[in-house]
Amino acid sequence: AETGSGADAAVMIGDTVFDIEMAVNANVHPIGVRWGYHPEPNLWDAGARQIVSHFSELEPLLDTLWQADDAAGAG
C-alpha cells in the first residue's frame, strides 16, 4: 500500500522457506532460488511457483510474468 502497488504486481525472491511462506501469506508471487540456504524441495513445499538456478534467469522470468499480467489486463 505504501508504494501504491498491489500484491498482484509484486514478487518475492527468496532462498528460505520463510521467504516463500511470507510471499504466499501476503498473496505475492513466490520465486525460490537454488543458491540459498534451504534445499529446493523445501522451497516447492513452502509454495514456490518457480525456482531459478542462476541470477541470470531472474530477469527473463520477471519479464515473462509481467507480460502475462499485461496481457491479462488488456482483455
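Above this text you will find the structure in question.
Residue positions within a chain follow its written sequence, with the count starting from 1. In keeping with the predicted nature of the model, local features appear solely for residues at pLDDT of at least 70, side-chain atom pairs appear and are counted solely at 80 or more, and the whole-chain, interface and lining totals rest on all residues. Side-chain metrics rest on all non-hydrogen atoms present in the structure, leaving aside hydrogens and water.

**Description of helix H1 (residues 17-25)**
For every residue, the accessible area obtained with a 1.4 Å probe (protein chains only) is divided by the maximum for its type, and the residue is called buried under 20%, exposed over 50%, and partly exposed between those limits. In this text, helices come from DSSP runs of H or I with a minimum length of four residues, and strands from runs of E with a minimum of two, each type numbered from the N-terminal end. Along H1, the residues that are buried comprise Val17, Asp19, Ile20 and Ala23. Down the axis of H1, the sector holding all buried residues measures 160°, keeping them to one side. Among the exposed residues of H1, those oriented more than 90 degrees off its buried face are Phe18 and Asn25. Contacts: residue pairs with any heavy atoms within 4.5 Å of one another. Buried residues along H1 sit against strand S1 (11-14), strand S2 (29-33) and helix H2 (40-46). Taking the helix axis as origin, the arc is that swept by the directions to the C-beta atoms.

**Digging into the side chain of Asp15**
Note that Asp15 resides in the loop between S1 and H1. Setting aside residues up to four positions removed in sequence, Asp15 forms contacts with Val33, Gly36, Tyr37, His38 and Leu43.

**A look at the environment of Asn25**
By the secondary structure assignment, Asn25 is in helix H1. As a C-alpha pair, Asn25 and Gly47 span 22 residues in sequence and 9.9 Å in three-dimensional space.

**Remarks on unusual backbone geometry**
Notably, Asn27 is not glycine yet its phi reads approximately 60°, a positive angle. Within the element layout of this structure, Asn27 appears in the loop between H1 and S2.

**Here's the deal with the sheet that holds S2**
Read across the sheet, 3 strands follow the order S1-S2-S3 without closing on themselves; strand pairing throughout is parallel. The open sheet has two edge strands with one neighbour each: S1 and strand S3 (50-52). Strand after strand, the sheet turns through a mean of 25° between neighbouring axes, direction not considered. Two strands form a pair only when DSSP identifies at least two bridges running between them. As judged from the 4 bridges shared by S1 and S2, these two strands associate in the parallel manner. Among the inter-strand pairings, Ile13 is bridged to a residue of S2, identified as Ile31. Orientation is described by lines fitted to C-alpha atoms, with helices fitted over the stretch in contact, and by angles between N-to-C directions that extend from 0 to 180 degrees.

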